[in-house]
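# Structural characterization, general
Read off the chains here:
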Amino acid sequence: AQSVTQPDIHITVSEGASLELRCNYSYGATPYLFWYVQSPGQGLQLLLKYFSGDTLVQGIKGFEAEFKRSQSSFNLRKPSVHWSDAAEYFCAVGAKGYSTLTFGKGTMLLVSP
Amino acid sequence: DGGITQSPKYLFRKEGQNVTLSCEQNLNHDAMYWYRQDPGQGLRLIYYSQIVNDFQKGDIAEGYSVSREKKESFPLTVTSAQKNPTAFYLCASSIDPGSYTFGSGTRLTVV
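Presented here is a report on the structure given in the accompanying data block. Residue numbers run consecutively from 1 along every chain, following the written order of its sequence. Here the convention is simple: chains get letters from A, ligands get numbers from 1, in the order in which they are written. Reporting in this predicted model follows two pLDDT cut-offs: at least 70 for local features of residues, and 80 or more for side-chain atom pairs to be given and counted; totals over whole chains, interfaces and linings ignore these cut-offs and use all residues. To get the side-chain values, all heavy atoms of the structure are used, and hydrogens and water are removed first.

All right, on to the interface of chain A and chain B then. Residue-level contacts link 20 residues of chain A with 21 residues of chain B. For any pair of parts, buried area is found by adding up, for both, the accessible area (1.4 Å probe) each one loses once the two are put together. Buried area between chain A and chain B, both sides added, is near 1,600 Å², and the carbon and sulfur share of it is 53%. Salt bridge criterion: a side-chain nitrogen from Lys or Arg within 4 Å of a carboxyl oxygen from Asp or Glu. Linking chain A to chain B there are zero salt bridges. For this analysis, a polar contact is any N or O atom pair within 3.5 Å, provided that within protein one partner can donate a hydrogen and the other can accept it, and provided that sequence-adjacent residues contribute only side-chain to side-chain pairs. Put simply, chain A and chain B have nine residue pairs in polar contact (both at pLDDT 80 or more) between them. Each helix is a run of DSSP H or I of at least 4 residues and each strand a run of E of at least 2, with the numbering of both proceeding from the N terminus. Where the side of chain A that touches chain B is concerned, the elements lending two or more residues are strand S5 (32-38), strand S6 (44-50) and strand S10 (87-94) of chain A. Note on contacts: a residue pair qualifies if any of its non-hydrogen atoms lie within 4.5 Å across the two residues.

Here it is as structure tokens:
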């Protein structure tokens, strides 16, 4: 069975500072990996996804993530955080041939002025 | 614009009552999903459907039921057998594996 761990429940970053949100997965084969963002009381929005190929993937809103097979990680990064990035971020893993995802428990990002 | 519509946004259920949450999409996606979200627990899969008239149980299907009579619609019924139904319910659809489009959710509260 696949699983996702997001080690940080909350992270606070100053506006303009860089951001890295951690995600570790457990899956026997090559996973499909995703990052989603959720604003309070809303649904989730897809930020980026990795299926294969280049291990550094670019997403919307200036986010990027790097797949590191040796570390079973798919960390999300942004060089300069804006106050509007404050939200909850979810990492998810899927498998080839299956449409369902397993989500992590989320990391809440707080942005300080 | 295409998207997913969930209704109602807020729903209150009395003990022993069945309630149905609506999910409609106009994206022409084949696959649809229901997830339950509890604080600090992430999203857990209740049911999913990859084609009309077919659906599969997810990880926490007990106390829930679904139907998929039309491609556009995937309603979720929370039955009286679900002992702890208070949660935020999210519907999603997809055409590519894992690339979900989510609705804005229904918050269900037991009163």
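Here the narrative resumes, following the displayed structure.
Turning to the packing of aromatic side chains, a few remarks are in order. Ring pairs are drawn from Phe, Tyr and Trp, using the six-membered ring of Trp, whenever the two centres fall within 6.5 Å, and their geometry is named by plane angle: stacked under 30 degrees, edge-to-face over 60, tilted for the rest. With the rule as written, the count across this model stands at 19 aromatic pairs over all chains. Ring plane angle 80 degrees and centroid distance 5.9 Å describe the contact between Tyr 47 of chain B and Phe 55 of chain B, whose orientation is recorded as edge-to-face. For every residue, the accessible area (1.4 Å probe, protein chains only) is compared with the maximum for its type, and the residue is labelled buried under 20%, exposed over 50%, or partly exposed between those bounds. Note on Tyr 47 of chain B: relative accessible area 7%, which makes it buried. Taking relative accessible area as the criterion, Phe 55 of chain B reaches 35% and is therefore assigned partly exposed. Site record: aromatic cluster; members linked through ring pairs are Tyr 32, Phe 34, Tyr 36, Phe 51 and Phe 103 of chain A together with Tyr 33, Tyr 35, Tyr 48, Tyr 100 and Phe 102 of chain B. One residue, Arg 68 of chain B, lies across the ring of Phe 74 of chain B, its end atom 5.9 Å from the ring centre. By definition, being over a ring means that NZ of Lys or CZ of Arg is both within 6 Å of the ring centre and within 35 degrees of the ring normal.

All names here are of chain B. Each neighbour pair has its own omega, and for Ser 7 with Pro 8 the value is -10 degrees, a cis peptide bond. Mapped onto the fold, Pro 8 is located in the loop between strand S1 (4-7) and strand S2 (10-13). Even without a glycine there, the phi angle at Asn 53 is positive, about 65 degrees. With respect to the secondary-structure elements, Asn 53 resides in the loop between strand S5 (43-51) and strand S6 (54-57).

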